[in-house]
Amino acid sequence: MKSLLQLGAAAIFVFAGINVRAKDAHAPAQREVLGAVDALFDAMAKHDVDASRKLIVPGASFVVLKPDGTVAMEHDSDYLDSLAKHKEAFRERIWSAQVTVQGDIAQVWAPYDFHLDGKLSHCGIDSFSMVRTVEGWRVAGVSYTVQKVGCTPSPLDTRK
């Protein structure tokens with residue numbers, strides 16, 4: 001949870017018009033983890049299955065809590081197959097990320113919004129479980145909520 005001081009400082013940056021990327025407020029290890037998440041979003045936007053595969057641990061799980069309360073679970077291969085099939089323009093953004101790193105594991109928790117062909121599709125919370133391998137930080141699992149109403153981009157959102 002953000003302290004009032006942290007939120008106040010962030011608000012000053014927003015209202016002063018200073019463009020500060022969300023990960024700039026994190027420690028170096030946290031920035032490395034967020035860099036891997038950013039790389040996954042970039043690969044997703046390009047529908048780059050090979051780049052995505054390199055960022056995901058084989059056998060990783062993708063768990064979604066749908067708006068109707070049902071839970072769907074996919075494996076990495078399902079995600080990669082779907083990424084290859086879809087041709088729409090994808091854009092996912094996170095902000096106000098909470099990043100915890102302990103040795104070679106990390107957790108990222110952040111609000112997100114998802115745009116499909118330039119239009120807001122949905123929003124929610126992303127939760128990434130990350131592991132550091134010899135190749136770098138990789139996604140071991142993603143859990144996320146899907147919210148179709150009440151999606152308002154954060155005023156702190158400066159991620160591109």
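In the block above lies the structure referred to throughout.
This write-up is about the structure you can find in this document. (Residues numbered from 1 in each chain as written. Predicted model: local features only at pLDDT ≥ 70, side-chain atom pairs only at ≥ 80, totals over all residues. Heavy atoms only, no water.)

## So, helix α4 (residues 76–85)
Here is the rule we go by: Under the scheme applied here, a residue whose accessible area is under 20% of the maximum for its type counts as buried, over 50% as exposed, and between as partly exposed, the area being computed with a 1.4 Å probe on protein chains only. The helix and strand labels rest on DSSP assignments: H or I over at least four residues marks a helix, E over at least two residues marks a strand, and numbering proceeds from the N terminus. Directions drawn from the helix axis to the C-beta atoms are what define this arc. The contact definition used throughout considers only heavy atoms, calling two residues in contact when any of these lie within 4.5 Å.
By the burial criterion, the buried members of α4 are Asp76, Tyr79, Leu80 and Leu83. For α4, the angular spread of the buried residues around the axis is 95 degrees, confining them to a single face. Residues of α4 that are buried make contact with α2 (28–45), α3 (49–55), β1 (56–65), β2 (71–75) and β3 (90–94).

## Overview of unusual backbone geometry
The residue histidine 47 is not glycine, and still its phi comes out positive at about 55 degrees. Within the secondary structure layout, histidine 47 lies in the loop between α2 and α3. Phi at serine 96 takes a positive value of approximately 50 degrees, unusual for a residue other than glycine. The class for serine 96 is partly exposed, based on a relative accessible area of 24%.

## Notes on the state of the cysteines
A covalent bond between the sulfur atoms of two cysteines is referred to as a disulfide. The criterion, for reference: Note on disulfides: each one is a pair of cysteine sulfur atoms within 2.5 Å.
The final tally for this structure, using the stated rule, is one disulfide. Here cysteine 123 engages in a disulfide with cysteine 151; their sulfurs sit 2.2 Å apart. The sign of the -85 degrees torsion about the S-S bond sets the cysteine 123-cysteine 151 disulfide as left-handed. Placement of the pair is cysteine 123 in strand β6 (residues 119–133) and cysteine 151 in the segment after β7 (136–145), with a sequence separation of 28 residues. Assessed through its relative accessible area of 8%, cysteine 123 is described here as buried.

## Thoughts on α2
Defined as follows: Helix span, as expected, comes to 1.5 Å for every residue beyond the first.
Relative to the 26 Å expected for 18 residues at 1.5 Å per residue, α2 spans 25 Å between its end C-alpha atoms, a close match to the ideal helical length. Those residues of α2 lying buried are Gln30, Val33, Leu34, Ala36, Val37, Asp38, Leu40, Phe41, Ala43 and Met44. Histidine 47, located one to two residues past α2, shows a positive phi value of around 55 degrees.

## Quick notes on the packing of aromatic side chains
Rule in force here: Pairing of aromatic rings covers Phe, Tyr and Trp, the last through its six-membered ring, and needs centres within 6.5 Å; plane angles under 30 degrees mean stacked, over 60 mean edge-to-face, and all others mean tilted.
Under the defined criterion, the tally for this structure stands at four aromatic pairs. The interplanar angle of 70 degrees and the centroid separation of 6.0 Å between the aromatic rings of phenylalanine 41 and phenylalanine 128 together place this pair among those described as edge-to-face. Of this pair, phenylalanine 41 sits in helix α2 while phenylalanine 128 is found in strand β6, placing the two residues 87 residues apart along the sequence. Summarising the burial analysis for this pair, phenylalanine 41 and phenylalanine 128 share the class buried. Ring geometry for phenylalanine 62 and tyrosine 79: centres 4.7 Å apart, planes at 10 degrees, overall stacked. Linking phenylalanine 62 in strand β1 with tyrosine 79 in helix α4, this pair joins segments that are 17 residues apart in sequence. For the pair phenylalanine 62 and tyrosine 79, one class covers both residues: buried.

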